[in-house]
Amino acid sequence: MTQVDTAETGQGDADRRDTGSGAWRARIRRAIRIGSRPGPWKRGPVLAALAQLLGLFMLLHAKIPNRTGGLGSLVETFLPWFGLFVPVLLAGALWRRSASAVVALLLPVMVWLNLFGGLLGDKSHPGSDLTVVSHNVSADNPDPAGTARDLAASGADVLALEEITPQAQGTYKKELAKAYPYHTVQGTVGLWSKLPLSNTQPVDIKMDYGPLADTKPLDVKMAYNRALRTTVATDHGPLAVYVAHLGSVRVNPRAGFWTDSRDRNAQALGKAIAAEQNKRVVLLGDLNGTMDDRAFADITSQLHSAQDAAGDGFGFTWPAKFPVARIDQILVRGVEPESSWVLPATGSDHLPVAAGISW
């Protein structure tokens, strides 16, 4: 009995020794695993790199070449939307618990705020001397009469319309006649005004180019003319007003972001504005591009955006059902924008834009 007890006791001591050494080995292995894990500053190197690339991409957008499929202009058209990648990368950084990725996100955040932060607040001021409205009414508008009535109800003193078809022109003239005693239509663009107009003429924005351009008769060119210039007689003196509808842009697999006609029109319009003698100028129209696009450098160097100066937000205008870009513009020189806003949708695929200006 005594021997059995002694044997059992010895076996129990051996088990305890084995268990104790096994626990120590497990602790050592656990410590090695913990020590070999990357710390928060070493986690998520790919996320940190993507954050840096996003920041540099937005910072250096003007360096993106335009020769290959208009890539530069395409990026600049939708540049504000690249900010949406920031919360996506932030979510990834938090999931990976990566301090380096979180810190790296400071670059794209600061770049985006520098580019667009000024648009986030309401910069409008009450009151103005003149209200101007511009609207691409769309050639496919199913209700031009209703669109005209909606625009007249906006209270605009000066109203610019783009993409007026011959079939709808009479409707716009009829519906706007009571509110606007003065008007001019030059091709597919027109201006209606509560104030007298003078020195009205079409503006050649190079819709035609090449050796055959000068051989076309004037009446043929006027049928598809897309820009005009007139003088509005205000209580504060003459105001030069331009209305323009620049060429369309296209995205297709072969040509990429095709902007040839739009860019040619923008250059011609910039030259016309540069030759303008009146110090007070307003440009109204569908420019088929945002003011971040390098194609408008000749225009933005002379005029500034009413939305940038006195708007609230980005003021996107196209497409009307879900606007993602502001391609309808009100640009000014020599007058002060007091407010800028987007009007409710009409039968067009564009939203109307409005601005209040003062002297």
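None of the values given here were measured: they were computed from a predicted structure.

The rules behind these values
Residues numbered from 1 in each chain as written. Predicted model: local features only at pLDDT ≥ 70, side-chain atom pairs only at ≥ 80, totals over all residues. Heavy atoms only, no water. Helix = DSSP H or I, 4+ residues; strand = E, 2+ residues; numbered from the N terminus. Buried < 20%, exposed > 50% of the residue type's maximum accessible area, 1.4 Å probe, protein only. Contact = heavy atoms within 4.5 Å. Areas by Shrake-Rupley, 256 points an atom, 1.4 Å probe, with all protein chains shown as cover. Pairing = 2+ DSSP bridges. Axes fitted to C-alpha atoms, helices over the stretch in contact; angles between N-to-C directions. Phe/Tyr/Trp six-rings, centres within 6.5 Å; stacked < 30°, edge-to-face > 60°. Core = buried A, V, L, I, M, F, W, Y, C linked by side-chain atoms within 4.5 Å. 1 Å grid on protein atoms, 1.4 Å probe; cavity = no way out; pocket = protein on both sides within 12 Å on 5 of 7 lines; lining within 4 Å. Points joined across faces, edges and corners; volume = space filled by probe spheres on them. Nonpolar A, V, L, I, M, F, W, Y, C, P; charged D, E, K, R; others polar. Polar contact = N/O pair within 3.5 Å; in protein donor to acceptor, adjacent residues only side chain to side chain. Arc of directions from axis to C-beta. Expected span 1.5 Å × (residues − 1).

Participant: Help me understand the overall build of the protein chain in this model?
Facilitator: Looking only at helices and strands, the protein chain has twelve helices and 14 strands in total. A buried classification covers 45% of the 359 residues belonging to the protein chain. Counting only contacts in the protein chain whose residues sit at least 6 apart along the sequence, the fraction spanning at least 24 positions is 71%. Accessible surface for the protein chain amounts to roughly 18800 Å². Of this, 59% is attributable to carbon and sulfur atoms.

Participant: Is there a simple way to think about the sheet that holds strand β10 (residues 281-286) in this case?
Facilitator: Where strands meet in a sheet, backbone hydrogen bonds hold them as pairs that are either parallel or antiparallel. Read from one edge of the open sheet, six strands run β5-β6-β7-β10-β12-β11, paired in mixed fashion. The sheet is open, and its two edges are formed by β5 (197-202) and β11 (304-305), each paired on a single side. Docked against the sheet, helix α10 (residues 260-274) engages β7 (237-245), β10 and β12 (328-333), running at close to 170 degrees with respect to β7.

Participant: Where do I start with the packing of aromatic side chains in this structure?
Facilitator: We describe a pair of aromatic rings using the distance from one ring centre to the other and the angle between the two ring planes. Enumeration according to the criterion identifies seven aromatic pairs in this entry. Taken together, a centroid distance of 5.6 Å and an interplanar angle of 55 degrees make the contact between W112 and F116 tilted. Separated by four residues within a single helix, W112 and F116 lie in helix α6 (residues 106-116), roughly one turn from each other. Taking the relative accessible area as the measure of exposure, W112 reaches 17% and is therefore buried. A relative accessible area of 3% means that F116 is categorised as buried.

Participant: It is not clear to me how the nonpolar core should be interpreted in this structure. Could you clarify?
Facilitator: It is characteristic of soluble globular proteins that their nonpolar side chains tend to be buried jointly. Core analysis: the biggest nonpolar cluster contains 20 residues, and L191, V282, L284 and I330 have the highest contact counts within it. Elements with a contribution of two residues or more to this core: β1 (130-136), β2 (158-162), β4 (189-193), β6 (227-234), β7, β10, β12 and β14 (353-358). Each residue touching V282, except ones within four places of it in the same chain, is listed here: L239, A240, V241, Y242, I330, L331, V332, V335 and I357.

Participant: Teacher, can you tell me more about the sheet that holds β14 here?
Facilitator: Spatially, the six strands line up as an open sheet ordered β3-β4-β2-β1-β14-β13, and their pairing is mixed. On the outer flanks of this sheet lie β3 (182-186) and β13 (336-342), each paired with one strand and no other. Between one strand axis and the next, the sheet turns by 15 degrees as a mean value, whatever way the strands run. In this sheet, β4 lies alongside β2 in antiparallel orientation, the contact comprising five bridges. Among the inter-strand pairings, V158 is bridged to a residue of β4, identified as S193.

Participant: Help me out: how do you make sense of the layout of surface pockets in this one?
Facilitator: It is a probe the size of a water molecule, rolled over the atoms, that shows where empty space is left. Empty space within the largest pocket amounts to approximately 380 Å³. Surrounding the largest pocket, 24 residues form its lining, V249, N288, W318, I327 and H350 being those nearest its centre. Elements with a contribution of two residues or more to the lining of the largest pocket: α3 (71-77) and β8 (250-252). Here the residues of the lining of the largest pocket are counted per class, giving eight nonpolar, ten polar and six charged.

Participant: Help me understand the side chain of Q329 in this model?
Facilitator: Here Q329 is to be found in strand β12. When its relative accessible area of 3% is taken as the criterion, Q329 is described as buried. Only 3.2 Å separates the side chain of Q329 from the backbone oxygen of G289, close enough to count as a polar contact. If we skip the residues at most four places from it in the chain, Q329 touches L283, L284, G285, L287, G289, T290 and M291.

Participant: Is there a simple way to think about α6 in this case?
Facilitator: Spacing of three or four residues puts side chains on the same side of an α-helix, whose turn is 3.6 residues. Where α6 is concerned, the buried positions are P108, V111, W112 and F116. For α6, the angular spread of buried residues about the axis comes to 105 degrees, placing them on one side. Facing away from the buried side of α6, by more than 90 degrees, are the exposed residues L106, M110 and N114. In this structure, the buried residues of α6 make contact with α2 (45-59), α4 (85-96) and α5 (99-104).

Participant: Help me out: how do you make sense of unusual backbone geometry in this one?
Facilitator: For residues that are not glycine, phi is negative in most cases, and the peptide bond is trans in most cases. Omega for the bond connecting W318 with P319 falls within 30 degrees of zero, at -10 degrees, which places this linkage in the cis form. Within the secondary structure, P319 is located in the loop between α12 (306-310) and β12. Unlike most non-glycine residues, R97 shows phi in positive territory, near 55 degrees. Position of R97 relative to the elements: it lies in the loop between α4 and α5.

Participant: Looking at this structure, how should I read α2?
Facilitator: If you check α2, its first and last C-alpha atoms are 21 Å apart, about what 15 residues at 1.5 Å a residue would give, namely 21 Å. Along α2, the residues that are buried comprise L47, A48, A51, L54, G55 and M58. Angularly, the buried residues of α2 cover 120 degrees about the axis, an arc narrow enough to put them on a single face. Seen from the open side of α2, the exposed residues pointing more than 90 degrees away from its buried face are P45, V46 and L53. Buried residues along α2 sit against α4, α5 and α6.

Participant: Even after reading the chapter, I still don't get the environment of A227, so can you show me in this structure?
Facilitator: Considering the arrangement of structural elements, one finds A227 in strand β6. Using a relative accessible area of 1% as the deciding quantity, one classes A227 as buried. The spacing of A227 and D204 is 23 residues in sequence and 7.1 Å in space, taken between C-alpha atoms. In this view, A227 contacts V189, P202, V203, I205, V243 and A244; residues no more than four positions away in its chain are not counted.

As far as function goes, none of this settles anything; it's purely spatial.
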